[in-house]
Amino acid sequence: MDAEVSTSRAFSSRLRGALRLARGAWSHASRLALDIALPTLCVACREPVSGEGVCAKCWAKLSFIAPPFCPRLGIPFVYDPGPGLLSMEAIANPPAYQRARAAVRYDDVARALVHALKYQDRTDLAPAMGRWMARAGHELLGEADALVPVPLHWRRGWSRRYNQSGALARVIGRQSGVKLACEALRRVRPTQQQIGLSRSERADNVQGAFKIATDRKADVAGRRVVLIDDVLTSGATVDACARALLRAKAAQVDVLVFARVVDTHKAPI
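Read on for a plain summary of the structure. (Residues numbered from 1 in each chain as written. Predicted model: local features only at pLDDT ≥ 70, side-chain atom pairs only at ≥ 80, totals over all residues. Heavy atoms only, no water.)

1. Comments concerning the overall build of the chain
No. 1: Each helix and strand in the chain was counted, giving 10 helices and seven strands.
No. 2: Across the 269 residues of the chain, 43% fall into the buried class.
No. 3: Relative to all contacts within the chain whose residues are 6 or more apart in sequence, the contacts with residues 24 or more apart total 74%.
No. 4: Accessible surface, the chain: about 14,900 Å² in total, of which carbon and sulfur atoms supply 55%. (Helix = DSSP H or I, 4+ residues; strand = E, 2+ residues; numbered from the N terminus. Buried < 20%, exposed > 50% of the residue type's maximum accessible area, 1.4 Å probe, protein only. Contact = heavy atoms within 4.5 Å. Areas by Shrake-Rupley, 256 points an atom, 1.4 Å probe, with all protein chains shown as cover.)

Okay, here's the thing in structure tokens:
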């Protein structure tokens, strides 16, 4: 009897493996056929492109953020003020999180990438964007215990079908080896979109919107957490998330985003 059960389990395992291989082969063949029939277009200028979703001309327009920048907020400086000096914004309005880093400035090309990932089902852009984020946040990731994507409310997640921050977090997790804690932080009430709101309105909009799941507190307690999001504008959303994580006894919270608005008074979103 035991031998029959063992044989049956082995057969089932081989069958599942064969089905996974078949699905993978079919998916690859489908993508290849689609690429041949419909060449990928640059998300910014709509010219045909192969690879990362942006053509060489638009890629050159991306403004990658590199030192010198504020060690707290990651805001780029025009000149190097010296080691450890903070920006005026960090001194006047320090956030709940410890440090923030971004891969690029939120300009026209970055906006096109974010909107394509977020609203146009272009999940194929997440690998490139996630790799750029992992490079920008290597300092944070080297000290991190867990990655927590900024969550969507379940209603918005249902309509959008995926969370862009979660897609980026999975890529960063593979790049860095840092464990994901995708279910730890939850958006417990729906919020209106932050687009067009003032700084104070953004803060009010997300007040009390995030909470750590009761059965997931062990995922963050005593851990150094890196919050993952697509864009940082005023910082209201990640600040509210950081406060929820710190209330759950996270040891430290840092923030890693794809793009950040440098001049929030002229925020184009």
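2. Focus on the pairing of strand β7 (residues 252-260)
No. 1: Counting buried residues along β7, eight of its nine residues qualify, which places the element largely inside the surrounding structure.
No. 2: Two elements, strand β1 (residues 100-105) and β7, share five bridges in a ladder whose sense is parallel. Bridge assignment links R105 to a residue of β7, and that residue is R260.
No. 3: Strand direction decides the pairing type here: strand β6 (residues 224-232) and β7, joined by eight bridges, are parallel. Within β7, the position partnered with L232 by the bridge is R260.
No. 4: As a crossover connection, the stretch from β6 through helix α10 (residues 236-247) into β7 is right-handed. (Pairing = 2+ DSSP bridges. Right-handed = clockwise from strand over helix to strand, strands pointing away.)

3. Examining the pattern of salt bridges
No. 1: If you walk through the whole model with that rule in mind, you get 10 salt bridges.
No. 2: A salt bridge links R122 to D124, with the shortest nitrogen-to-oxygen separation between them at 2.8 Å.
No. 3: The class for D124 is partly exposed, based on a relative accessible area of 45%.
No. 4: Where salt bridges share partners, they join R99, R101, E139, E143 and D254 into one cluster. (Salt bridge = Lys/Arg side-chain N within 4 Å of Asp/Glu carboxyl O.)

4. Comments concerning a nonpolar patch on the surface
No. 1: On the surface, a cluster of nonpolar side chains totalling about 330 Å² of accessible area is made up of L86, M88 and I91.
No. 2: Residue position: I91 is located in helix α3 (residues 88-92). (Patch = residues over 30% accessible without salt bridge, like charges linked within 9 Å, V, L, I, M, F, W, Y side chains within 5 Å.)

5. Some thoughts on helix α8 (residues 164-176)
No. 1: If you check α8, its first and last C-alpha atoms are 18 Å apart, about what 13 residues at 1.5 Å a residue would give, namely 18 Å.
No. 2: When α8 is considered as a whole, its buried residues turn out to be Q164, S165, G166, A167, L168, A169, V171, I172 and G173.
No. 3: Capping the start of α8 is the job of one residue whose side-chain oxygen sits 3.0 Å from the backbone nitrogen of S165: N163.
No. 4: Positive phi appears at G177, one or two residues downstream of α8, with a value of about 80°. (Expected span 1.5 Å × (residues − 1). Polar contact = N/O pair within 3.5 Å; in protein donor to acceptor, adjacent residues only side chain to side chain.)

6. Details of the state of the cysteines
In a disulfide, the sulfur atoms of two cysteines are held together by a covalent bond.
No. 1: Taken as a whole and judged by the stated rule, the model has zero disulfides.
No. 2: C45 supplies the cysteine sulfur nearest to C55, a cysteine that is in no disulfide, at a spacing of 3.6 Å.
No. 3: For C55, a relative accessible area of 12% puts it in the buried group. (Disulfide = S-S within 2.5 Å.)

7. Things to note about the packing of helix α5 (residues 126-136) against α8
No. 1: Where α5 meets α8, the axes come as close as 8 Å, and the angle between the chain directions of the two elements is 55°. In terms of axis orientation, α5 runs oblique to α8. Note that α5 runs across α8; the crossing there is right-handed. Contact with α5, carried on its side by A126, P127, M129, G130, R131, M133 and A134, involves A167, L168, V171, I172 and Q175 of α8 and no other residues of that element.
No. 2: Here the residues of the contact of α5 with α8 sort into nine nonpolar, two polar and one charged. (Axes fitted to C-alpha atoms, helices over the stretch in contact; angles between N-to-C directions. Parallel < 35°, antiparallel > 145°, perpendicular 65-115°, else oblique. Left-handed = near helix turned anticlockwise from the far one by under 90°. Nonpolar A, V, L, I, M, F, W, Y, C, P; charged D, E, K, R; others polar.)

8. Concerning the environment of L41
No. 1: Turning to its location among the elements, L41 is positioned in the loop between α1 (2-37) and α2 (56-59).
No. 2: Owing to a relative accessible area of 29%, L41 belongs among the partly exposed residues under this scheme.
No. 3: The spacing of L41 and G53 is 12 residues in sequence and 6.8 Å in space, taken between C-alpha atoms.
No. 4: For L41, the contacting residues outside a window of four places in its chain are R46, E47, P48, V49, G53 and R122.

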